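Chain residues, written in single-letter form:
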Amino acid sequence: MFDQLEIIENRYEQLNELLSDPDIVSDPDKLREYSKEQSDLQKTVDIYREYKKHNETIDESKGMLGETDDKEMLEMLKEEITESEKALPRLEEELKFQLIPKDPNDDKNVIMEIRGAAGGDEAQIFAGDLFRMYSRFAEDNGWKTEVVEANASDHGGYKEISFMIQGNGAYSKLKYENGAHRVQRVPETESGGRIHTSTATVAVLPEVEDVEIDIRNEDLKIDTYRSSGAGGQHVNTTDSAVRITHLPTGVVVTSQDEKSQIKNRERAMKVLKARIYDLMQQEAEAEYAQQRKSAVGTGDRSERIRTYNYPQSRVTDHRIGLTLQKLDQIIEGKLDEIIDALVIEEQTSKLEELNNATF
């Protein structure tokens, strides 16, 4: 454990030197890369240095205990030793958390796809409720939401909707929403007042940078056509909608929310890259593929990660057994309490792998 911390501290010092190098300062890409790496290491290094400082205080104070008969000095030294010894366990735990492997996608924007699944019209209405919930959560975090493609339902909501959420750390929080969401309530379309159970599936993909995936132009089939739905007269009279097909994988993405064909193409390409990247990860990592399959599934009622029960104003996350009587707040985008609990659960699980390590 100490060896790893020493390597991190040495790398941090090396980055300090690199960021003072004129060649690096004049290279925007390298400067950005090294600055981000240093920022990522900052907290770990600060905690480690505090940990070492307390150890040094203990050693120095113990060494001075036998060198003085002054009662006030002895009392002060003993107090310093006690305070430092109390601080060490807390710092050890903090260091362990810092050494938990970070998800490389955590800082990225996300592409979310919501589909009405089991439950017909009510499932599609619920898909619209989830889209509004995530949009408001994004707004509360100062993030930007952009719709890529939307297939509206006749009774409200969406058969499916794809959208981007842009903001630092968006994926680190929203990745936990990946899965089937279940709603229990009396639908607006139900005249008998019976409670129905319906589901919608949520897929969360990290936005992919160009350097992470190479898509050749010759592998793309790009079609343009006239948009349908909202957008006004201009949308319906120009070929602004874009459909992109990646021939090797068969992945198809459409975008028609913008009046500009260029903007629709840019958005469609971002979604296409994210889907292909996700497909590549699934093929390369069997374990990841299994996790995604079990999380998203087919949208059947039994494959759920969370239930929204309207009659009892209750939301339950089945992965961690968390139940909150705050449905009205949560459906309005107040997701922090659930997401924070999921983050802690994941970190605690990973921490168990490090608990046998000794300092």
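In short, a report on the structure. As the structure is a prediction and not an experimental result, all values here were calculated from the model.

When helices and strands are counted, the protein shows 11 helices and 11 strands. Looking at the protein as a whole, 41% of its 359 residues are labelled buried. Within the protein, counting contacts between residues at least 6 apart in sequence, those at least 24 apart form 62% of the total. Looking at the protein as shown, the accessible area adds up to about 19,600 Å², and 45% of this sits on carbon and sulfur atoms.

To continue, consider the pairing of strand β10 (residues 314-317). Remark: a regular strand shows side chains that alternate across the two faces of the sheet. Summarising the sheet, strand β9 (residues 306-309) and β10 pair through four bridges and their orientation is antiparallel. In the sheet register, N309 faces β10, and the bridge partner there is R314. Adjacent in sequence and paired antiparallel, β9 and β10 are bridged by four residues, among which S313 carries a positive phi angle near 50°. The pairing of β10 with strand β11 (residues 322-324) spans three bridges and is classified as antiparallel. Counterpart to V315 in the pairing with β11 is L324. Hairpin geometry of β10 and β11 is characterised by an intervening segment of four residues between the two adjacent antiparallel strands and by a positive phi of about 65° at G321.

Let's shift gears to the sheet that holds strand β7 (residues 241-246). The strand order across the open sheet formed by three strands is β6-β7-β8, and the pairing between neighbours is antiparallel. The open sheet terminates on both sides in strands that have one partner only, identified here as β6 (220-225) and β8 (251-255). Mean inter-strand twist for the sheet, computed between neighbouring axes without regard to direction, equals 15°. Bridge count between β7 and β8: five bridges; the pairing is antiparallel. Paired with I244 across the two strands is V253, which belongs to β8.

What follows is about the nonpolar core. By size, the foremost hydrophobic cluster in this structure holds 34 residues, and its most contacted members are M112, I114, L130, Y134, I165, L174 and Y308. Those elements that provide at least two residues to this core are β1 (110-116), α5 (121-140), β3 (158-166), α6 (170-174), β5 (196-206), α10 (327-330) and α11 (336-352). When residues in this core are grouped by element, the largest group, eight residues, is from α5. When near neighbours in sequence (up to four residues on either side) are disregarded, Y308 contacts F126, L130, M133, H181, R182, V183, Q184, R314, V315, L327, I330 and I331.

This part takes up the packing of aromatic side chains. The final tally for this structure, using the stated rule, is four aromatic pairs. Between F131 and F163, the aromatic rings sit 4.9 Å apart at their centres with planes inclined by 70°, giving edge-to-face as the arrangement. Linking F131 in helix α5 with F163 in strand β3, this pair joins segments that are 32 residues apart in sequence. When its relative accessible area of 0% is taken as the criterion, F163 is described as buried. Taken together, F131, Y158 and F163 form an aromatic cluster joined through their ring pairs.

Calculation rules
Residues numbered from 1 in each chain as written. Predicted model: local features only at pLDDT ≥ 70, side-chain atom pairs only at ≥ 80, totals over all residues. Heavy atoms only, no water. Helix = DSSP H or I, 4+ residues; strand = E, 2+ residues; numbered from the N terminus. Buried < 20%, exposed > 50% of the residue type's maximum accessible area, 1.4 Å probe, protein only. Contact = heavy atoms within 4.5 Å. Areas by Shrake-Rupley, 256 points an atom, 1.4 Å probe, with all protein chains shown as cover. Pairing = 2+ DSSP bridges. Axes fitted to C-alpha atoms, helices over the stretch in contact; angles between N-to-C directions. Core = buried A, V, L, I, M, F, W, Y, C linked by side-chain atoms within 4.5 Å. Phe/Tyr/Trp six-rings, centres within 6.5 Å; stacked < 30°, edge-to-face > 60°.

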